[in-house]
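# Structure assessment
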Amino acid sequence: MPGALVGALLLGLVNAFGILIAPRAQVAFPFILMAITLLFRPQGLFGKIQR
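Residues numbered from 1 in each chain as written. Predicted model: local features only at pLDDT ≥ 70, side-chain atom pairs only at ≥ 80, totals over all residues. Heavy atoms only, no water.

### Quick notes on the packing of helix α1 (residues 2-21) against helix α2 (residues 28-40)
Each pair of packed helices can be described by the angle between their axes along with the distance between the axes. The N-to-C vectors of α1 and α2 enclose an angle of 135 degrees; their axes lie 8 Å apart at closest approach. In terms of orientation, α1 lies oblique with respect to α2. In terms of crossing hand, the pair formed by α1 and α2 is right-handed. Packed against α1, whose contacting residues are Leu 10, Leu 11, Val 14, Asn 15, Gly 18 and Ile 21, the element α2 presents Phe 29, Pro 30 and Leu 33 at the interface. (Axes fitted to C-alpha atoms, helices over the stretch in contact; angles between N-to-C directions. Helix = DSSP H or I, 4+ residues; strand = E, 2+ residues; numbered from the N terminus. Parallel < 35°, antiparallel > 145°, perpendicular 65-115°, else oblique. Left-handed = near helix turned anticlockwise from the far one by under 90°. Contact = heavy atoms within 4.5 Å.)

### Regarding the environment of Pro 23
Checked against the element boundaries, Pro 23 lands in the loop between α1 and α2. The spatial distance from the C-alpha of Pro 23 to the C-alpha of Leu 13 is 14 Å, given a sequence separation of ten residues.

Shown next, in the form of structure tokens:
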């Protein structure tokens, strides 16, 4: 659950700052963040790699 809380905060911050950076592309920023997170941390923000 701590990863979900941190993820929600990051998503909110990216959404808020996306409005300032590029208002027309604001909708794309959360999806880009999720795609990058899934590429580099598919087990989650605080998840452990299982072998």
